[in-house]
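Residue-level structure breakdown
Spelled out, the chains give:
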Amino acid sequence: MKLFVRVSDASYLMPKDGHGSSNPFVEVEFDQQLHRTQTKYKDLNPVWNETLVFNVSDPNKLPNQVIDVVVYNDRNSGHQRNFLGRVRISGVSVPFAESEAVLQRYPLDKRGLFSNIRGDIALQIYAVRDLGEPSPPSNGSDTAAKTNDAGNEPGKKKMKKKNQDKETQSWYSIGNGAPHQSDPVKPIEEEMKRSDFFRKEHGPMLSVQHMHAMPFPPEAAKMGMPVEAAFLRAREGKRRMGLVDQMEYLYVKVEKARDLPTMDVTGSLDPYVEVKVGNYKGVTKYVEKSQKPVWNQVFAFPKERLQANRLEVVLKDKDLVKDDFVGRIIIDLAEIPRRVPPDGPLAPTWYKLENKDGEKVDKLGEVMLAVWMGTQADQCFPDTLHADAHSLSPEAVAHTRSGVYHSPKLFYLRLHIIEAQDLVPSDKTRPPDILVKVELTPNQVRFTRPSPVRTHNPVWNEELMFVASEPLSEQQLILTVEDRVGPNKRDPLGWVILRLSDVATFRSDHYKPVDPHWFNLGRPHSSDESKKEVKFASKIHLRVCLEGGYHVLDESTHYSSDLQPSDKHLWTHSIGLLEVGIIGASHLLPMKTKEGGTTDAYCVAKYGSKWVRTRTHLDTLAPRWNEQYTWEVSDPCTVITLSVFHNSQILDKKATADQPIGKVRVRLSTLETDRVYAQSYPLLLLQPSGLKSTGELHVALRFTCTAWLNMMTLYARPLLPKMHYLHPIPVVHVDILRRHAVQIVAARMARAEPPLRPEAVAYVLDVDHHMWSLRRSKANFERITSLFSCLLRISNFFEDVRDWKNPITTCLVIVAFFILVCYPELILPTVFLYLFMVGIWNYRFRPRGPPRMDPKLSHAVMAHPDELDEEFDTFPTTRPMELVRMRYDRLRSVAGRVQTVGGDLATQGERVQAILSWRDPRATGIFVIFSMLTALTLYVVPFQVVVLLGGLYMLRHPRFRARKMPSVPVNFFKRLPSKSDLLL
């Protein structure tokens with residue numbers, strides 16, 4: 001028998017050559033036979049398509065053998081290699097025919113605890129019998145095999161125990177119907193019993209009966225998923241409602257109708273359907289002139305508000321004066337089935353229409369309905385028309401639905417403008433002053449500096465940065481070479497339009513060089529001249545590069561939710577899952593004061609590139625969403641943002657902006673793993689009129705860590721990708737690029753359905769956090785002073801020791817000082833032991849939940865109205881000139897104090913430099929003589945004695961020193977000169 005292993009390809013491998021790539025090859029070992037593929041150089045997604053053949057000595061032992069597939073990186077230095085991942089495949093999953101073999105992708109496994117592995121490999125494995133070779137017996141079906149097993153029962157038990165001791169990850173083909181898999185559940189159960197991780201982390205084992213009853217996830221059979229992961233995913237699907245309360249709904253899906261009668265004189269019918277449950281009513285759209293209409297609409301009625309025991313579905317004919325009754329269907333609510341995920345969708349059924357007397361008449365036609373009881377976990381929930389929105393127009397209903405969004409993939413575009421040649425200015429009597437205007441569609445514009453070489457061949461050698469997004473084929477780079485002929489006048493000399501997908505070179509690290517290219521410049525001409533053949537053209541030398549090694553910042557780095565680079569191949573592995581249950585809100589501030597003092601509230605949550613939006617609850621101050629979402633976490637030092645908005649798109653025909661109600665930020669590093677935090681967060685809204693409490697947001701969070709060691713090692717890694725440190729972007733450009741990134745994200749979200757409004761995106765991303773605010777300046781100053789409070793407390797304690805306010809404490813400090821001076825090797829251990837004890841002591845007072853927004857720290861409680869009005873002013877300002885002048889004078893006074901502090905710091909530093917500069921010859925002479933005497937003294941006297949005498953001098957009793965007078969060194973330092981007297 002021959003065993004064939006076809007190594008197709010691998011993807012997303014870990015770079016190991018130090019230059020962002022790898023040289024992978026594959027080694028396959030089976031039954032002490034070792035074969036390998038050829039090496040693919042500089043390729044993280046290699047394709048081999050090689051088939052390796054092995055001899056199977058005993059086909060009966062094949063189910064008990066293991067095929068070991070290992071991917072290595074060829075280091076091109078002797079026979080050294082790096083480990084890239086492995087897959088171990090049990091022989092029980094090998095089919096005995098090539099037609100039954102399926103090309104499957106296997107995720108690469110680690111070799112040890114500290115292995116850094118990623119990616120997967122595609123394999124096709126099958127066995128073929130030689131001519132004349134008998135078929136191997138099926139498991140448990142061959143009589144001779146049973147007899148042999150019965151005769152060697154003790155040996156069999158030993159062999160079974162030995163096999164169970166081996167930690168082997170086995171893979172199985174699910175449902176391929178191979179003859180050697182007569183009992184596929186038995187090897188699955190044995191494999192799961194060998195897994196200590198499955199038993200410890202996920203509770204008791206599932207029995208064989210439970211495995212038969214649970215539907216196996218289809219992706220397991222398609223992707224070659226291990227059995228443990230497949231059943232884990234199925235089990236996670238059952239508990240996805242664990243953070244929120246289940247809300248039961250009555251779902252009514254109106255599919256279509258057939259064989260409807262004609263109602264009008266013209267023989268036409270404009271049918272629509274009314275769905276009634278008690279006082280609730282939902283109406284479908286009407287279809288013009290159709291006896292076979294299709295609606296395909298779903299209505300949802302909350303079970304807790306149902307005030308009837310029957311469901312009535314009425315079909316009517318749309319008319320100008322009064323709609324005509326066609327027929328109806330009545331369904332008892334007690335007979336409606338219940339659907340629980342992961343059950344499939346309920347199949348719709350044809351119902352015959354009844355007349356007003358309850359008689360079923362064939363000529364009235366039939367309506368296809370699906371009616372069931374479900375929860376908010378139902379797959380129809382996001383597209384359902386809810387009971388509180390039945391009276392809205394279809395355009396307004398679209399703004400009430402929930403949705404999941406993903407930010408567009410962003411890149412930094414680096415444009416290096418080198419030079420231009422053979423430019424033809426309009427005025428040849430003057431030296432040209434040439435610059436380049438660059439526009440990246442739709443609205444990013446940059447200008448280079450004027451060329452220092454004022455000739456017809458200018459040289460700039462300047463780099464400009466832009467933000468580009470996928471798809472790149474929709475973006476164009478427009479470069480215009482202009483001659484500045486006046487203060488506000490520029491004469492175009494030529495331009496070129498480049499499609500980004502055609503000219504940009506993608507790179508993920510700084511080692512990969514990008515070649516520059518020459519491009520022809522089109523000259524300004526009329527439409528008639530454009531048809532002529534161009535024989536001469538000016539040229540411009542450019543280098544266009546898409547940087548995949550940076551993370552495009554659309555949030556502040558202080559509370560960013562995503563730190564991954566743009567290139568997906570450089571992403572780090574996921575370390576866990578973040579589950580967020582948006583339960584509801586309470587005591588919201590009424591936003592619709594004219595419509596009864598209510599609010600149409602929805603919640604937006606953003607983490608990473610994934611945005612979620614709950615459905616809008618209409619006319620309530622205490623909405624209950626009970627929607628649960630999940631994010632993958634790659635870094636614990638990130639922040640999730642949840643914001644509540646009032647939906648202004650429902651009844652406002654002017655389509656005003658959605659009004660923010662409040663915002664909550666939660667840092668994941670403040671959460672304990674595998675713990676549910678169900679808390680209420682206050683919603684605070686800062687307005688020009690002052691700070692307002694707008695309600696409370698009820699949220700449940702759970703951070704589950706799946707790679708604890710990787711999470712701990714992240715604390716030693718840089719926060720941002722390495723390109724931010726190797727080639728940092730100037731801070732001035734970062735703010736401009738961030739604003740453009742926010743605009744791109746907002747524009748893309750506004751094109752979704754339902755749209756996420758640009759003002760909501762800007763509020764979540766806090767786009768104006770870098771703008772000037774006197775309130776924020778005061779808050780930051782207080783934060784700085786609070787940092788030095790610890791040093792101030794230490795200084796006060798030292799002064800109390802020096803003043804002998806507590807003689808016992810002073811004596812203990814002197815004794816400790818004697819010990820540390822005599823045994824200096826105890827200083828560092830004592831310091832770290834003290835830090836350890838302080839940390840252990842503070843553990844008792846650790847916060848029990850994530851921190852909340854602090855209005856006192858933000859200086860929002862007592863902020864002056866004029867300061868808030870200045871903070872919310874637009875840029876540039878729109879306020880009256882007198883008010884702007886007053887604020888400018890206030891800013892000058894604040895800046896003057898800051899300037900004074902900066903000058904004092906510079907003065908102290910200049911005094912230190914003046915000690916040896918001989919600017920004051922007497923002071924420098926005194927210090928030089930003092931330094932010589934000190935050096936001679938330290939050569940003679942041991943250092944420990946000097947330190948001991950100095951410490952005793954500092955700790956001497958107050959009666960032996962002058963009170964409230966500065967010391968001699970302080971007096972000497974303050975008399976040193978500085979450069980402040982040289983300033984104009």
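Scope of this entry: the structure provided in the associated data block. (Residues numbered from 1 in each chain as written. Predicted model: local features only at pLDDT ≥ 70, side-chain atom pairs only at ≥ 80, totals over all residues. Heavy atoms only, no water.)

A short note on the packing of aromatic side chains
Evaluation of the coordinates by the stated rule reveals 13 aromatic pairs. Note on Tyr251 and Trp372: the rings are 5.3 Å apart at their centroids and 15° apart in plane angle, and the pair reads as stacked. Placement of the pair is Tyr251 in strand 9 (residues 249-258) and Trp372 in strand 16 (residues 366-374), with a sequence separation of 121 residues. Summarising the aromatic geometry, the rings of Phe411 and Phe506 are spaced 5.7 Å apart at their centres and angled 90° between planes, so their arrangement reads as edge-to-face. Taken together, the residues Phe411 in strand 19 (residues 410-421) and Phe506 in strand 25 (residues 505-507) connect sequence positions 95 residues apart. In this structure Phe411 comes out as buried when scored by relative accessible area, which is 4%. Aromatic rings pair up to connect Tyr249, Tyr251, Trp372 and Phe381 into one cluster. Sitting over the face of the ring of Tyr602, Arg613 holds its NZ or CZ atom 4.2 Å from the ring centroid. (Phe/Tyr/Trp six-rings, centres within 6.5 Å; stacked < 30°, edge-to-face > 60°. Helix = DSSP H or I, 4+ residues; strand = E, 2+ residues; numbered from the N terminus. Buried < 20%, exposed > 50% of the residue type's maximum accessible area, 1.4 Å probe, protein only. Lys NZ or Arg CZ within 6 Å of the ring centre and 35° of its normal.)

Some points on the sheet that holds strand 4 (residues 47-55)
Hydrogen bonding along the main chain pairs the strands of a sheet, whether they run parallel or antiparallel. Taken in spatial order, the four strands line up as 4-1-8-7 in an open sheet, and their pairing is antiparallel. Each having just a single partner strand, strand 4 and strand 7 (104-107) make up the two edges of the open sheet. Taken pair by pair, the neighbouring strands of this sheet meet at an average axis angle of 30°, ignoring direction. Inspection of the sheet shows strand 1 (residues 2-11) paired to strand 8 (residues 120-128) by nine bridges, in the antiparallel sense. (Pairing = 2+ DSSP bridges. Axes fitted to C-alpha atoms, helices over the stretch in contact; angles between N-to-C directions.)

Things to note about helix 13 (residues 758-765)
An α-helical turn contains 3.6 residues, so a residue and the one three or four places further along point in the same direction. Along helix 13, the residues classified as buried are Ala760, Val761, Val764 and Leu765. Down the axis, helix 13 shows its buried residues gathered within 120° of arc, on one side only. Buried residues in helix 13 make contact with strand 29 (601-607), strand 30 (610-613), strand 32 (639-646), strand 33 (659-667) and helix 12 (731-750). Asp766 lies just past helix 13 and shows a positive phi near 55°. (Arc of directions from axis to C-beta. Contact = heavy atoms within 4.5 Å.)

With respect to the sheet that holds strand 34 (residues 676-687)
Strand order in the open sheet formed by four strands is 31-28-35-34, with antiparallel pairing between adjacent strands. The outermost strands of the open sheet, each flanked by one partner alone, are strand 31 (624-633) and strand 34. The average undirected angle you get between the axes of adjacent strands in this sheet is 25°. Sheet analysis places strand 28 (residues 576-586) next to strand 35 (residues 690-705), joined by ten bridges and oriented antiparallel. By the bridge assignment, Ser586 is partnered in strand 35 with Glu696.

Section: the side chain of Ser561
Residue placement: Ser561 occurs in the loop between strand 27 (538-547) and strand 28. At 2.9 Å, the side chain of Ser561 and the side chain of Glu555 are in polar contact. Within the local environment of Ser561, its side chain forms a polar contact with the side chain of Lys606, the two groups lying 3.1 Å apart. Excluding residues within four positions of it along the chain, Ser561 makes contact with Glu555, Lys606, Tyr607, Gly608, Thr638 and Val639. (Polar contact = N/O pair within 3.5 Å; in protein donor to acceptor, adjacent residues only side chain to side chain.)

So, unusual backbone geometry
Cis geometry is found at the peptide bond from Thr441 to Pro442, where omega equals 10°. Across the junction of Glu470 and Pro471, the peptide omega takes the value 0°, indicating a cis bond. You can see Pro471 is positioned in the loop between strand 22 (459-469) and strand 23 (476-486). We note that Trp804 has phi near 55°; this positive angle belongs to a residue other than glycine. Looking at the secondary structure, you find Trp804 in the loop between helix 15 (789-802) and helix 16 (807-822). Given the relative accessible area of 23%, Trp804 is considered partly exposed.

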